[in-house]
Amino acid sequence: MTKENCLIVHVTGRKLDLLRGEASRIARDSKIDWWIDRADVGTRFCFEDAKAKETFALTCDNFGVPCRDG
């Protein structure tokens, strides 16, 4: 799978669960698919388009969760 529209977050526990829910909501609203997998350090959230990725990055910022392209 492509890593073109992916972000890596460094979070665990309830915040990770919260981000999973937000990623699902963003993908559903955009009518696209998304997936999650492990990164070397952190968790990778991937989306089918760049706009959903940008929306998710803003969500991470709003929750105070560091993220980077990945």
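Just above, that's the structure.
These numbers come from a predicted model, not from an experiment. Residue positions are counted from 1 within each chain, in the order its sequence is given. Owing to the predicted nature of the model, reporting of local features is limited to residues with pLDDT of at least 70; listing and counting of side-chain atom pairs is limited to 80 or more, with chain, interface and lining totals taken over all residues. Calculation of side-chain values draws on the structure's entire complement of heavy atoms; hydrogens and water are dropped beforehand.

Novice: Please clarify how the packing of aromatic side chains should be interpreted in this entry.
Specialist: Geometrically, a pair of aromatic rings is defined through the distance of the ring centres and the angle of the planes. Ring pairs shown here join Phe, Tyr and Trp side chains whose ring centres sit within 6.5 Å, with only the six-membered ring taken for Trp; geometry is labelled stacked below 30 degrees between planes, edge-to-face above 60, and tilted in between. Throughout the structure, instances matching the rule amount to four aromatic pairs. Look at W34 and F47: their rings are 6.5 Å apart centre to centre, the planes differ by 25°, and that puts the pair in the stacked class. With a gap of 13 residues between them, W34 in strand β2 (residues 34–38) and F47 in strand β3 (residues 43–47) connect regions that are remote in the sequence. Members of the aromatic cluster, connected to one another through ring pairs, are W34, F45, F47 and F56. Helix and strand assignments come from DSSP, with helices taken as H or I runs of at least 4 residues and strands as E runs of at least 2, each series counted from the N terminus.

Novice: Whenever I open this one, the pattern of salt bridges confuses me. Can you help?
Specialist: By definition, a salt bridge exists where a carboxyl oxygen of Asp or Glu is found within 4 Å of a side-chain nitrogen of Lys or Arg. Scanning the model with the defined rule gives five salt bridges in all. Between R25 and D29 there is a salt bridge, with the nearest N and O atoms lying 3.3 Å from each other. You can see R25 and its partner D29 sitting in helix α1 (residues 13–30), four residues apart, about one turn around the helix. Only protein chains enter the accessibility calculation, which uses a 1.4 Å probe; a residue is then buried when its area is under 20% of its type maximum, exposed when over 50%, and partly exposed in between. The class of R25 is partly exposed, set by a relative accessible area of 32%. Taken together, the shared-partner salt bridges in this structure form one network comprising E22, R25 and D29.

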